[in-house]
Each structure stands twice: as C-alpha cells, then as structure tokens.
Amino acid sequence: MIEQKQTVHRTVIGKVVSDKMDKTIVVEVERKVKHPIGKYIRRTSKMYAHDADNTCKIGDLVMIKPSRPISKSKHWVLVEIINKAERELAE
C-alpha cells in the first residue's frame, strides 16, 4: 500500500468588516509582529473571502482558508462562522 500524506490547510481567524458584495465578505485579520526594539505591534490585513450562501454579517468572527483564485482579489473561502455578532432588532 502507498501511504498518502494528508495536507494541512492554513486557516485564519478574523472579523468580518464588510458584507456588501454578493457572495463576498471582507475579513480583517490581526497579527502581532515583533519590533526590533522588542515591543509587539499589531498589524492588520484585509482579505476577500468567498461566502457562497451570503450567511455572514458585519461583526461575525469567521475562519477562512486559501483556495484557487476565484476573482481578481478573492483567494480565500469561508470555512465556518465561529461567533455570530450581536445585532439589535430594528423595530
């Protein structure tokens, strides 16, 4: 039998900052980078991710993974919604 290696996909957790496009969300991912002095600085990246069912809303905490290029700037796919944002009822 030939052993097959399982590929481990890199996943990233971030917050949805925009859901205005159709089947696309913008996820802001924060990371900490060490400065030469020794302090840690927060850096953010905005990534466009494919949300096929339009389920995500602004403020949701989501997990995304890389995929083949879907459009010019969209190279990530939604894996799961970790935490839904609290929303007020408009009535």
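Structure's up top.
Quick caveat: nothing in here was measured; it's all calculated off a predicted structure.

### Observations regarding unusual backbone geometry
You will see that Lys 23, though not glycine, has its phi angle at about 60°, which is positive. With respect to the helices and strands, Lys 23 occurs in the loop between strand 1 (12-18) and strand 2 (24-34). According to the relative accessible area criterion, Lys 23 is partly exposed, its value standing at 38%. Positioned with a positive phi, Asn 54 is a non-glycine residue whose angle comes to about 55°. In this fold, Asn 54 is placed in the loop between strand 3 (40-50) and strand 4 (61-66). According to the relative accessible area criterion, Asn 54 is partly exposed, its value standing at 35%.

### A look at the nonpolar core
If you look at the biggest cluster of nonpolar residues, it comprises 12 residues: Val 12, Val 16, Ile 25, Val 27, Val 29, Met 47, Ala 49, Cys 56, Val 62, Ile 64, Trp 76 and Leu 78. Looking at this core, the elements with two or more residues in it are strand 1, strand 2, strand 3, strand 4 and strand 5 (74-83). Of the residues forming this core, the biggest block, 3 residues, is contributed by strand 2. Apart from residues lying up to four places away in sequence, Cys 56 is in contact with Val 16, Asp 19, Ile 25, Asp 51, Val 62, Leu 78 and Ile 81.

### Here we look at the pairing of strand 4
Where strand 1 and strand 4 come together, 4 bridges link them in antiparallel fashion. When the bridges of strand 4 are listed, Val 12 appears paired with Ile 64. Where strand 4 and strand 5 come together, 6 bridges link them in antiparallel fashion. Looking at the pairing, Met 63 lines up with Glu 80 of strand 5.

### Some words on the side chain of Thr 24
As for its placement among the helices and strands, Thr 24 is situated in strand 2. Of the polar contacts made by the side chain of Thr 24, one reaches the side chain of Lys 74; its length is 2.9 Å.

### Side note on a nonpolar patch on the surface
Residues Ile 13, Leu 61 and Ile 82 make up a contiguous nonpolar surface patch of about 230 Å² in total accessible area. The exposure class assigned to Ile 13 is partly exposed, which follows from its relative accessible area of 45%.

### Overview of the environment of Pro 69
Tracing the chain through its elements places Pro 69 in the loop between strand 4 and strand 5. Judged by its relative accessible area of 54%, Pro 69 is exposed. If sequence neighbours within four positions are ignored, Pro 69 has contacts with Lys 74 and His 75.

Rules used throughout
Residues numbered from 1 in each chain as written. Predicted model: local features only at pLDDT ≥ 70, side-chain atom pairs only at ≥ 80, totals over all residues. Heavy atoms only, no water. Helix = DSSP H or I, 4+ residues; strand = E, 2+ residues; numbered from the N terminus. Buried < 20%, exposed > 50% of the residue type's maximum accessible area, 1.4 Å probe, protein only. Core = buried A, V, L, I, M, F, W, Y, C linked by side-chain atoms within 4.5 Å. Contact = heavy atoms within 4.5 Å. Pairing = 2+ DSSP bridges. Polar contact = N/O pair within 3.5 Å; in protein donor to acceptor, adjacent residues only side chain to side chain. Patch = residues over 30% accessible without salt bridge, like charges linked within 9 Å, V, L, I, M, F, W, Y side chains within 5 Å. Areas by Shrake-Rupley, 256 points an atom, 1.4 Å probe, with all protein chains shown as cover. Salt bridge = Lys/Arg side-chain N within 4 Å of Asp/Glu carboxyl O.

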